[in-house]
Structure formats: structure tokens, C-alpha cells
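# Examining the three-dimensional arrangement
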Amino acid sequence: MNKESSEKEKSPAQDPSPTEKLGEQIGHRAKRKLQARDKDERTVWFGFGMFGLVGWSVAIPTIIGIAVGLWLDKEWPGQVSWTLTFLIIGIAVGCLNAWYWIKHESGRE
């Protein structure tokens, strides 16, 4: 008998079920994730990525705040500058957002 015919004669009970295969795959991925966390080697690219994350988390809310402020200044002009008000609100929201992400990433150590 050759190898192919012996494989065909295997009973279905010997083949792992789809549930068992899924369990093995999940276990393998979880093991790899834990190994990657345990390495604790943060590269320069990780640092650049963190700079980018912090930068965009502050920049986007600030730009949105400026845009909303300009629109409000055009629609309802008054003594109070809506642009400056929403600029400050945007920076505050952005800083809180950046603080959250830094705290989240440093919690993985």
C-alpha cells in the first residue's frame, strides 16, 4: 500500500473537527501574541508610530475645532471669538485623547 491509499482509509474520527482546528489556531495566535508582549523590545519605528499617533490625536480635534469656530463666527458674529474658543476646546480634547493613547500603550509594558 502506498501513502495516498492509507490516508484515504483513515476514519473521520481521526481527523480533527473544524472546532478543534479553530481552537488550535486561536491557541497558536494567543501564544504568539503573549510571546511578542514578553519580548518588550520597542524599536525606533514604535517610537515614530507613537509620535504620529499623539500628533494626529491632537491635530484632528484642533482642526475640527477651528473649522467649527470659523463657521460659527461667520453665522453668528459677536464679541466672543468662536474660533479661539473652539481652538482651545479642540486642543484640550486632543490632549485628553493623546493622554488616553499614551496611557493605553504604556499599560502594555
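Residues numbered from 1 in each chain as written. Predicted model: local features only at pLDDT ≥ 70, side-chain atom pairs only at ≥ 80, totals over all residues. Heavy atoms only, no water.

## Thoughts on a nonpolar patch on the surface
Where nonpolar side chains cluster on the molecular surface, the patch consists of L53, L96, W99, Y100 and W101 and spans about 530 Å² of accessible area. Per element, the largest residue contribution to the nonpolar patch is 4 residues, and it comes from helix α4 (residues 82-106). Along the chain, the position of L96 falls in helix α4. Overall, the relative accessible area of 56% leaves L96 in the exposed class. (Patch = residues over 30% accessible without salt bridge, like charges linked within 9 Å, V, L, I, M, F, W, Y side chains within 5 Å. Areas by Shrake-Rupley, 256 points an atom, 1.4 Å probe, with all protein chains shown as cover. Salt bridge = Lys/Arg side-chain N within 4 Å of Asp/Glu carboxyl O. Helix = DSSP H or I, 4+ residues; strand = E, 2+ residues; numbered from the N terminus. Buried < 20%, exposed > 50% of the residue type's maximum accessible area, 1.4 Å probe, protein only.)

## A short note on the UniProt feature "transmembrane region" (unreviewed entry) in the protein
Annotation from UniProt places "transmembrane region" (unreviewed entry) at residues 43-72 and 84-102. The annotated region residues 43-72 carries 97% helix and 0% strand content, and the separation between its end C-alpha atoms amounts to 44 Å. Taken end to end, residues 84-102 comprises 100% helix and 0% strand; its first and last C-alpha atoms sit 27 Å apart. (UniProt positions renumbered as here; feature names shortened; annotations may be inferred.)

## With respect to the side chain of T83
As for its position among the elements, T83 is in helix α4. Take T83: its relative accessible area is 16%, and that puts it in the buried class. The residues touching T83, leaving out its near neighbours within four places in the chain, are I66, G69, L70 and D73. (Contact = heavy atoms within 4.5 Å.)

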